[in-house]
Amino acid sequence: SNKTDYSWVERVTVGNPHTLPHNLDISFLLYPNPFINWFYVNVNSSVAAKMQVSLYNISGQLVANKQQTVQAGVSTIKLEIENIPLGIYTVVVSSNGHTHFTQKLVKQ
């Protein structure tokens, strides 16, 4: 089927007094899932922050990684990944060593 699942994770409070505000409001939308050659992470953040999006295979090996500074508001991070096997992967979004969001993603 061509059904696409959209996943919101809202109001994740993170922070470290030396890196980010204590009351950072941040949410993520990952799509499409499953993906073929690329996927997007929409980030809705109350502050500007340097985000890292990492993709791991089922063995836990890092297969793709991208860093991008997002502004306050909604930003989009695109990862283009073509030469990896079909299967299940885990996306991890983090900043300053704090993991904000993890989700399973299917490459088809």
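1. A few points about the pairing of strand β7 (residues 87–95)
Across a regular strand the side chains alternate sides, sitting on one face of the sheet and then on the other.
Step number 1: With 7 of its 9 residues buried, β7 lies for the most part within the structure.
Step number 2: Pairing between strand β4 (residues 49–56) and β7: 5 bridges, direction antiparallel. By the bridge assignment, Q52 is partnered in β7 with S94.
Step number 3: The pairing of β7 with strand β8 (residues 98–107) spans 9 bridges and is antiparallel.

2. Considerations on unusual backbone geometry
For residues besides glycine, phi is generally negative; the peptide bonds are generally trans as well.
Step number 1: Between Y31 and the following residue, P32, the backbone shows a cis peptide bond with an omega angle of -15°.
Step number 2: The linkage connecting N33 with the following residue, P34, adopts the cis geometry, with an omega of 10°.
Step number 3: By secondary structure assignment, the location of P34 is in the loop between β2 (26–31) and β3 (38–45).
Step number 4: For N96, which is not glycine, the phi dihedral falls at a positive 50°.
Step number 5: Structurally, N96 is set in the loop between β7 and β8.
Step number 6: Take N96: its relative accessible area is 45%, and that puts it in the partly exposed class.

3. Observations regarding a nonpolar patch on the surface
Step number 1: Where nonpolar side chains cluster on the molecular surface, the patch consists of I58, I88 and V106 and spans about 290 Å² of accessible area.
Step number 2: Here I58 lies in the loop between β4 and β5 (62–70).
Step number 3: A relative accessible area of 75% places I58 in the exposed class.

4. Some words on the environment of K50
Step number 1: Assignment of secondary structure puts K50 in strand β4.
Step number 2: Residue K50 is classed as partly exposed on the basis of its relative accessible area of 49%.
Step number 3: Sequence separation between K50 and S95 is 45 residues; the distance between their C-alpha atoms is 5.9 Å.
Step number 4: Setting aside its immediate chain neighbours within four residues, K50 contacts Q67, Q68, T69, S94 and S95.

5. Comments concerning the confidence of the model for the protein chain
Step number 1: With 79% of its residues at a pLDDT of 70 or more, the protein chain has an overall mean of 84.
Step number 2: Considering only residues more than four positions removed or in separate chains, one finds that residues 7–18, a stretch of pLDDT under 50, has 31 contacts.

6. Description of the nonpolar core
Step number 1: The biggest cluster of nonpolar side chains holds 23 residues, and the ones touching the most others in it are F39, V41 and L55.
Step number 2: At the level of secondary structure, the elements contributing two or more residues to this core comprise β2, β3, β4, β5, β6 (73–80), β7 and β8.
Step number 3: Element by element, the count of residues in this core is highest for β4, at 4 residues.

Analysis parameters
- Residues numbered from 1 in each chain as written.
- Predicted model: local features only at pLDDT ≥ 70, side-chain atom pairs only at ≥ 80, totals over all residues.
- Heavy atoms only, no water.
- Buried < 20%, exposed > 50% of the residue type's maximum accessible area, 1.4 Å probe, protein only.
- Helix = DSSP H or I, 4+ residues; strand = E, 2+ residues; numbered from the N terminus.
- Pairing = 2+ DSSP bridges.
- Patch = residues over 30% accessible without salt bridge, like charges linked within 9 Å, V, L, I, M, F, W, Y side chains within 5 Å.
- Areas by Shrake-Rupley, 256 points an atom, 1.4 Å probe, with all protein chains shown as cover.
- Salt bridge = Lys/Arg side-chain N within 4 Å of Asp/Glu carboxyl O.
- Contact = heavy atoms within 4.5 Å.
- pLDDT = per-residue confidence, 0-100.
- Core = buried A, V, L, I, M, F, W, Y, C linked by side-chain atoms within 4.5 Å.

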